[in-house]
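Each chain is listed here by its residues.
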Amino acid sequence: MIDVTVRDEVALITLARPEKLNALTAGMREDLAAAVREHGSGTRGIVVTGAGRAFCAGEDLHQAVGRSLVEEVELFHDMTRAVLETRVPVVAAVNGLCVGGAAEWTLSFDARVGAPAAEYFFPENHIGLSVSNAAGYLLPRLVGARALRLVLDSTRMSAADALSLGLLDEIVAPEALVETAIARVRRWTEPGTATSVHLALLRPAPEEVERAFAAETEAARQVESSGIAQAGMAAFVNRPRP
């Protein structure tokens, strides 16, 4: 459910479960972390995109019902940890809907390029879940004090809204999306550039990210022990369909 190819010395990772809007199973999260680590050296960079009309619908809640929420969250944490461990640029090519844990994952990327159909959505609060991927630290870094409202309101944001907030860096035509992301990686890694040094200097501090992971794991434990997480996921999975 994950395709990896190398184009122009850039690893292109495609979430390839379009019939489920690329929703992430536990195995997919493990595979994504492994793919990022594998291609985080030996290539000029990494671009992540989605197949079909969604970038990623976030966690596959149908699979998550009944599973340990703490374990589910920690799988997301390792995806973010893998990105921040690389010494090459990592860019999201957000082709469509980008939800929950997947949206939070892209916060750790070095750039996010969107198509006009891109949408960002952090729905956890209204499902009884807690955020992950160090979003408690990374989201305010990008959008400032507006982070709290984005999470509490669970507002679905258009590409234009995401751009104005700083969640996207630019919006390009769908047919140019992946090539634009690849071109950005190549521009940043031209011969003679000091990109790896600047990634280490300007990316989020590892100790702050790990502190956020620990806080989010504890938050997941709290919503799990309270019962609201499993109740919220069950209600979402069993909601009436149009």
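Residues numbered from 1 in each chain as written. Predicted model: local features only at pLDDT ≥ 70, side-chain atom pairs only at ≥ 80, totals over all residues. Heavy atoms only, no water.

As annotated in an unreviewed UniProt entry, the chain carries the name Enoyl-CoA hydratase/isomerase family protein and is attributed to Nonomuraea terrae. According to the UniProt record, the Sequence similarities (unreviewed entry) comment for the chain reads "Belongs to the enoyl-CoA hydratase/isomerase family." (UniProt positions renumbered as here; feature names shortened; annotations may be inferred.)

Trainee: Any chance you could explain the sheet that holds strand S2 (residues 10-15) here in plain terms?
Mentor: One key point about sheets: their strands pair by backbone hydrogen bonds, in either a parallel or an antiparallel sense. If you trace the six strands from one edge of the open sheet to the other, you get S1-S2-S3-S5-S7-S10, paired in mixed fashion. The open sheet has two edge strands with one neighbour each: strand S1 (2-7) and strand S10 (170-171). Across four bridges, strand S3 (residues 45-50) lies against strand S5 (residues 90-94) in parallel orientation. For isoleucine 46, the partnering residue across the bridge sits in S5 and is valine 90. (Pairing = 2+ DSSP bridges. Helix = DSSP H or I, 4+ residues; strand = E, 2+ residues; numbered from the N terminus.)

Trainee: Whenever I open this one, the packing of aromatic side chains confuses me. Can you help?
Mentor: Within a pair of aromatic rings, the relevant descriptors are the distance that separates the centres and the angle that separates the planes. All told, the structure shown has two aromatic pairs when counted by the stated rule. Ring plane angle 80° and centroid distance 4.9 Å describe the contact between tryptophan 105 and phenylalanine 109, whose orientation is recorded as edge-to-face. One exposure class covers both tryptophan 105 and phenylalanine 109, and it is buried. Residues tyrosine 120 and phenylalanine 122 carry aromatic rings whose centres are separated by 6.4 Å and whose planes lie at 45° to one another, so their mutual orientation is tilted. Comparing tyrosine 120 with phenylalanine 122, the two get one shared label, buried. The ring centre of phenylalanine 76 lies 4.7 Å from the NZ or CZ of arginine 29, which sits over that ring. The positively charged end of arginine 239 is found above the aromatic ring belonging to phenylalanine 236, 4.0 Å away from the centroid. (Phe/Tyr/Trp six-rings, centres within 6.5 Å; stacked < 30°, edge-to-face > 60°. Buried < 20%, exposed > 50% of the residue type's maximum accessible area, 1.4 Å probe, protein only. Lys NZ or Arg CZ within 6 Å of the ring centre and 35° of its normal.)

Trainee: Is there a simple way to think about the layout of surface pockets in this case?
Mentor: A water-sized probe, rolled over the atoms, reveals where empty space remains. Roughly 800 Å³ of internal volume is contained in the largest pocket. Along its surface, the largest pocket is lined by 32 residues, and Ala23, Ala57, Glu59, Val99 and Phe236 are the ones closest to its centre. Of all the secondary structure elements, the ones that give two or more residues to the lining of the largest pocket are helix H2 (61-64), helix H3 (69-85), strand S6 (97-99) and helix H4 (100-106). Looking at the second largest pocket, its volume works out to about 280 Å³. For the second largest pocket, the lining is made up of 14 residues, of which Phe109, Asp110, Arg141, Leu202 and Arg203 are closest to its centre. (1 Å grid on protein atoms, 1.4 Å probe; cavity = no way out; pocket = protein on both sides within 12 Å on 5 of 7 lines; lining within 4 Å. Points joined across faces, edges and corners; volume = space filled by probe spheres on them.)

Trainee: It is not clear to me how the sheet that holds strand S9 (residues 156-158) should be interpreted in this structure. Could you clarify?
Mentor: Spatially, four strands are ordered S4-S6-S8-S9 in an open sheet, and the strand pairing comes out mixed. Across the chains shown, the open sheet's two edge strands, defined by having one partner strand only, are strand S4 (54-56) and S9. Averaged over neighbouring strand pairs, the angle between their axes works out to 20° when direction is ignored. (Axes fitted to C-alpha atoms, helices over the stretch in contact; angles between N-to-C directions.)

Trainee: Looking at this structure, how should I read the packing of helix H1 (residues 26-39) against H3?
Mentor: Any two packed helices are characterised by the angle at which their axes cross and by the distance between the axes. At a closest axis distance of 8 Å, the pairing of H1 and H3 adopts a crossing angle of 15°. The angle between H1 and H3 places the two elements in the roughly parallel class. Crossing of H1 over H3 shows left-handed handedness. In this structure, H1 contributes Ala26, Arg29, Glu30, Leu32, Ala33, Val36 and Arg37 to the contact, and H3 contributes Glu72, Leu75, Phe76, Asp78, Met79, Arg81, Ala82, Val83 and Glu85. (Parallel < 35°, antiparallel > 145°, perpendicular 65-115°, else oblique. Left-handed = near helix turned anticlockwise from the far one by under 90°. Contact = heavy atoms within 4.5 Å.)

Trainee: Can you walk me through unusual backbone geometry in this structure?
Mentor: When glycine is set aside, most residues are seen to have a negative phi, and most peptide bonds are trans. Of note, leucine 21 is a non-glycine position whose phi angle comes to about 55°, a positive value. Relative to the elements of secondary structure, leucine 21 occurs in the loop between S2 and H1. Taking relative accessible area as the criterion, leucine 21 reaches 22% and is therefore assigned partly exposed. Residue asparagine 22 is not a glycine yet carries a positive backbone phi of 60°. Note that asparagine 22 resides in the loop between S2 and H1.

Trainee: Explain helix H6 (residues 146-153) here, please?
Mentor: An α-helix turns once per 3.6 residues; consequently, residues spaced three or four apart project the same way. Along H6, the positions that sit buried rather than exposed are Ala147, Leu150 and Val151. The buried residues of H6 occupy an angular sector of 90° when the element is viewed end-on, so they sit on one face. Facing away from the buried surface of H6 by more than 90 degrees, the exposed residues are Leu148 and Arg149. Looking at the packing, one finds that the buried side of H6 touches helix H5 (135-143), S9 and helix H7 (159-165). Serine 154 sits one or two residues past H6 and shows a positive phi near 50°. (Arc of directions from axis to C-beta.)

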